[in-house]
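Observations on chain architecture
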Amino acid sequence: MLKRSGITLLAAAIAVAIVVGLAGSAFARKSPLEGQPDVRHKYELRQLRFEVAPTFEATVQADYKHTISGGIKLEYHLSDSLSFGGLIFLGTGLNTQLTDAVSGSLKDTEEPNNPTPTRKEFEDHLNTMPVHGGAGVTFTPWFGKISLFSKLYLAFDVYLSGGFGFANLENKYKNTNPGGGPNDYCGKQKDGTITDANGQTQDVFNDPRNDCPYNSGFQPGVQVGAGMHVFINKWIALDVSFRDYFFKDNPSGQDFNADLIVDDKDPRFLGHLFVGVGVSLFLPARVKISR
Amino acid sequence: MIRRANSWLVMLAVVSLPLMLPPLSSDAWAQKGKKKAPAPAPKPAEPAPAEPKPAEPEIDMTQPEEAKPEEAKPSDTGEGDMGKAGDPELDMTQPETAAETKAGKDEKDLKLGETRGSWQDIVVVVRKPFLKMNRLELMPSVGLTINDNMIQHYELNGQINYYLTDVLAVGVEGQYFVKNFLETYDLVARQDRRLPTINKYNYGAALNFHYVPIYAKFSMLNKKIVHLETLFTAGVGMTQSEVIPRDPALPAWTNTLITPNVGLTFRVFVADWVTLNLGFKDYIFIDKFENVRRSEDQMCALSVQCSQDQASGKLINHVMFSAGLSFWFPTSFRYTTFR
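Cut-offs used in this document
Residues numbered from 1 in each chain as written. Chains lettered and ligands numbered in written order. Predicted model: local features only at pLDDT ≥ 70, side-chain atom pairs only at ≥ 80, totals over all residues. Helix = DSSP H or I, 4+ residues; strand = E, 2+ residues; numbered from the N terminus. Buried ≥ 20, exposed ≤ 12 C-beta atoms within 10 Å, placed from the backbone. Contact = placed C-beta atoms within 7 Å. Arc of directions from axis to C-beta. Core = buried A, V, L, I, M, F, W, Y, C linked by C-beta atoms within 7 Å. Pairing = 2+ DSSP bridges.

Digging into the overall build of chain A
A count of helical and extended segments in chain A gives three helices and 12 strands. Buried residues in chain A amount to 30% of all 291 residues. Considering only contacts within chain A whose residues lie at least 6 apart along the sequence, 67% involve residues at least 24 apart.

Describing the overall build of chain B
A tally of regular secondary structure across chain B gives six helices and eight strands. Scanning chain B from its N terminus toward the C terminus, one meets helices and strands in the order α-α-α-β-β-β-α-β-β-β-β-α-α-β. Counting the 339 residues in chain B, one finds 19% classified as buried. Residue pairs in contact within chain B that sit at least 24 positions apart in sequence constitute 69% of those at least 6 positions apart.

Details of the environment of I146 of chain B
Residue and element names in this part refer to chain B. The residue I146 is located in the loop between β1 (136-145) and β2 (151-163) in this model. What makes I146 partly exposed here is the crowd of 14 C-beta atoms within 10 Å. In sequence terms I146 and V319 are 173 residues apart; their C-alpha atoms lie 6.0 Å from each other.

Description of the environment of F274 of chain A
All names here are of chain A. Mapped onto the secondary structure, F274 falls in strand β11 (residues 268-283). Classification of F274 as buried rests on a count of 24 C-beta atoms within 10 Å. C-alpha separation for the pair F274 and G225, spaced 49 residues apart in sequence, amounts to 9.2 Å. For F274, the contacting residues outside a window of four places in its chain are E57, A58, T59, V60 and R243.

Considerations on helix α4 (residues 183-192) of chain B
Taken as a whole, α4 of chain B has its buried residues at T184, V188, Q191 and D192 of chain B. Along the long axis of α4 of chain B, the arc covered by the buried residues comes to 95°, so they all point the same way. Packing partners of the buried residues in α4 of chain B comprise α2 (97-105) and α3 (119-125) of chain A. Following α4 of chain B by one or two positions, R193 of chain B adopts a phi angle in the positive range, close to 55°.

A word on the nonpolar core
Listed in full, the six residues of the largest apolar core are F143 of chain A together with I214, Y215, A216, F218 and L228 of chain B. Ignoring anything within four residues of it in the chain, the contact list for Y215 of chain B reads S147 of chain A together with E229 of chain B.

Points about the pairing of β11 of chain A
Regular strands place side chains that alternate from one sheet face to the opposite one. Residue and element names in this part refer to chain A. Summarising the sheet, strand β2 (residues 49-59) and β11 pair through eight bridges and their orientation is antiparallel. From the neighbouring strand, F50 faces β11, where its bridge partner is L283. Across 14 bridges, the pairing between strand β10 (residues 236-249) and β11 is antiparallel. Opposite K248, over in β11, you have F269 as the bridge partner.

Some points on the pairing of strand β3 (residues 65-77) of chain A
All names here are of chain A. By the bridge criterion, 10 bridges tie β2 to β3 in an arrangement that is antiparallel. Counterpart to P54 in the pairing with β3 is I72. The pairing of β3 with strand β4 (residues 82-95) spans 13 bridges and is classified as antiparallel. From the neighbouring strand, S69 faces β4, where its bridge partner is G91. Connecting the antiparallel pair β3 and β4 is a turn made up of four residues.

A word on unusual backbone geometry
Cis geometry is adopted by the peptide bond preceding P284 of chain A, which originates at L283 of chain A and carries an omega value of 5°. Position of P284 of chain A relative to the elements: it lies in the loop between β11 and β12 (288-289). At the junction of F329 of chain B and P330 of chain B, the peptide bond is cis and its omega measures out at 0° in the coordinates. Tracing the sequence through the fold places P330 of chain B in the segment after β8 (312-329). Even without being glycine, A258 of chain A reaches a positive phi, approximately 60°. Relative to the elements of secondary structure, A258 of chain A occurs in the loop between β10 and β11. Backbone geometry places N134 of chain B, a non-glycine residue, at a positive phi of 60°. Positionally, N134 of chain B belongs in the loop between α3 (102-108) and β1.

From the geometry alone we can't say anything about function, so treat these as descriptive.
Here you go:
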């Protein structure tokens, strides 16, 4: 009898343990932070603030001419994640190593039965980008903090932007075809002929080396970019960005499609990648703090 | 009989007690046998008369009477030790003040069986979610040349790194390259009648050291927190380059070049054993190029040795962008310090 009651009690103990174990899930602790914002008391470093960013931009992996430019970027931040604005840069062109190497190997005068351009023809056909810019929307989905050597803590954000882009291109080419004045421009050669002083019509599209480059003027397009702000304090940030400007261009100004004519069929939709470094000033200087 | 019934009751309590306790986090295992240092009791919140009630749910600071530690029997093994009865840190009830209303206090009381929260869920400084010390990293990646407008290389890269500490690692790297001529290579030949002098790369290897000085976390639209770090790399190795003769009839040759490298990699933690890596690395070497006047001396041009002797050297910075995944072994880790 004692044995039976002992077994019964043991079974009861096991049953209670199972029941309590199942009910124990009701005691599972639910985090009180569930459903709450990930960051509390966040400094709203961008919300309803105006950003002025003097910036330096330079091309990356340009073929013939590097563009070194300075300018300004203006943004208005509607929220901590969304802003709109514009940017404009003024710059100058520098020869790449490829341009120097090719130019240094070319002769100053044309050779008979040799289609190689002269040094002047080669250099005059290259274009530069004295003005470029754009306007668009910027989206800032990521913001956070970085720790440097566990000593310095800085806020940062990562943004993506895109919109309308443009560039104003220039070259040094001057039409020197016979019959044409020194100030003739490319538009006068579109039909492929020119009338000389004697009234004779000449076909000028017989040598691509002296054709108009068709790579100057205002070029509309698009621009896309990504960058990062690293906040030094609540209203000053270091801005590093990559931005690609896409528009129709023919950087060499020479016959691209091998039809022995340089015309408006040779420019194609190309990307011009820039890296930019600037200082962003956020105004007003005071910043809101979230809940 | 009564004595035996009592012993059964004790056994019942012993068996049931661990099941009634909340689940233990892995770090608590490391605490086994250690006593918690007594912490000062939390200060009561200052009363705020006539303050409107906030919309978000409040954190409940009180514990139901059934779960008061002084009523629980102590465990024999010490596992899941919640502390001794009367520990100040476990006294979660707020002293009543004149400003506290009874209605507000009743609102905070939770019934048994409902979910509850406590300060133990919230820590001021959250632990790093990823530990690397004494772990092996396998890092396959693909890369692309970003600073050459004539010839571009696609790279298949594999690295094996061992982390001596959480910030310092040593490893080896192997690369295989596939070349790709860009638009300018054809244009210079066709438009300007000039043949570029170019080398291609075949493979490389290096011994590297990695240091992680930067740790960061960011929030994606204030919904999810992602942790990342930045590591710097420096190393030395070798690269095999191969001359691409301007005249295809002439023989090519290969160069074995000592190649120091420096790099920067961003790592995002995806899981306990997987991370996503994006990086830039500069491979620096003095490459040997075909002499621009090689074709003028046909006898020498046809001899690889003679052509190599006349080759011109040039400092090259081969900058590559790479993206890849890292797989970590062992696949899990454990903190051995207090939370």
